[in-house]
Every structure is written in C-alpha cells, then in structure tokens.
Amino acid sequence: MQTERIILEVPTQALHVKHASCLNGHSLMDPSVPINGFPSIKIILQYGDAKGIVHLDPVYGSFHNIFDVDIPEGVVVKMFCPTCGVDMQIPGERVCDWCFSPLFQFYLPKGGVLEGCLKVGCHQHKLKLVDVDEQLGIIHGRNQIQLLM
Ligand SMILES: [Zn+2]
Ligand SMILES: [Zn+2]
C-alpha cells in the first residue's frame, strides 16, 4: 500500500506523545514517571560501558529528560526498548539533518513515526504522520495542538 508521509512543523511544546512504541509494538510510555504532567517515554540508553534507563520528556520540543545513567553531552548513544531490547536506530544511511548522527525512531499509532537524533544534546526531531486528518485531533488556540497518538 502506498502511503503519503507528511512532515509536520509545529510550534515547540504544542503537543505531546501519548502512545509511542518500539518496532515490536511494546509501549514505551511510563505513567509512573511523569514529566511535564504526562507519562514519560522510557528507553534504555547505552554509551560505551554506561547503560541505563532514561525517561524522555513526552512533550514535543521540550527536553526535561531524566537520566538514570551518566552520559556526557555530545556523544552518540544507542537506544533500546526496555521490554524486548530491540535497537531503535533507523537502519540504513539516514542521518540527522543537523549533525549527521544516526537517528532513532518511535512508532506511533496508525503508521506515524517520531524520529530523533541519537546524539545527546542534539534536539533534532521530526514527526511524520500518515493520514493527518485522522491523527490531528483538537486544535486548542494558536499554539496548542493535541495529537491523538
Ligand atoms: Zn520492544
Ligand atoms: Zn543531530
């Protein structure tokens, strides 16, 4: 099936991720560790010998991430699903538009994906949605978009 992918540019902090999962469909959402009032995205980061749980800020464009592991700024990390351990890196040649590091990918319902840069401190993110009409929910005022993800 041919699907059209749309890159959506939205104001920062106007939406948050509610249903991210790994390639194998495990939810990454962790309601026990909220950030900005929403369930955070729990993943495992690895850099060299350092490996541990990181809770990512679910608000798009906000980066109040909680690191349980000491990873220096500016290094390129590996990211894994905490349930099945699958590597979240996008295979192939695609890299960050900004710093040319590898990218990770979270899967959203209905074929959407959220891509991000694996370099710590590089905040390049892209949201790609299929069928935006269905996924783009309520628009609250000028800067508030609630995504049904
Ligand atoms: Zn998994
Ligand atoms: Zn980058």
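Here goes a summary of the coordinates provided. No experiment lies behind these values; they were computed from the predicted model shown.

## Observations regarding the environment of Tyr107
In step 1: For Tyr107, the location among the structural elements is in strand β7 (residues 103-107).
In step 2: Note on Tyr107: 18 C-beta atoms within 10 Å, which makes it partly exposed.
In step 3: Along the backbone, Tyr107 and Asn24 are 83 residues apart, and their C-alpha atoms lie at a distance of 9.2 Å.
In step 4: If we ignore the near neighbours within four places in the chain, the residues touching Tyr107 are Ala20, Ser21, Cys22, Leu23 and Val113.

## Some words on the nonpolar core
In step 1: If you look at the biggest cluster of nonpolar residues, it comprises 21 residues, and the most contacted ones within it are Ala20, Leu28, Ile41, Ile43 and Met79.
In step 2: Among the secondary structure elements, those contributing two or more residues to this core are β3 (38-47), β4 (50-56) and β7.
In step 3: Here the element with the most residues in this core is β3; it accounts for three residues.

## Some remarks on the pairing of β4
In step 1: Here seven bridges tie β3 to β4, and the two strands are oriented antiparallel to one another. Within β4, the residue paired with Gln46 across the bridge is Lys51.
In step 2: Between β3 and the antiparallel strand that follows it, β4, lie two residues; Gly48 among them carries a positive phi value of about 60°.
In step 3: One ladder, built from two bridges, connects β4 with strand β5 (residues 66-67); its direction is antiparallel.

Definitions and cut-offs
- Residues numbered from 1 in each chain as written.
- Chains lettered and ligands numbered in written order.
- Predicted model: local features only at pLDDT ≥ 70, side-chain atom pairs only at ≥ 80, totals over all residues.
- Helix = DSSP H or I, 4+ residues; strand = E, 2+ residues; numbered from the N terminus.
- Buried ≥ 20, exposed ≤ 12 C-beta atoms within 10 Å, placed from the backbone.
- Contact = placed C-beta atoms within 7 Å.
- Core = buried A, V, L, I, M, F, W, Y, C linked by C-beta atoms within 7 Å.
- Pairing = 2+ DSSP bridges.

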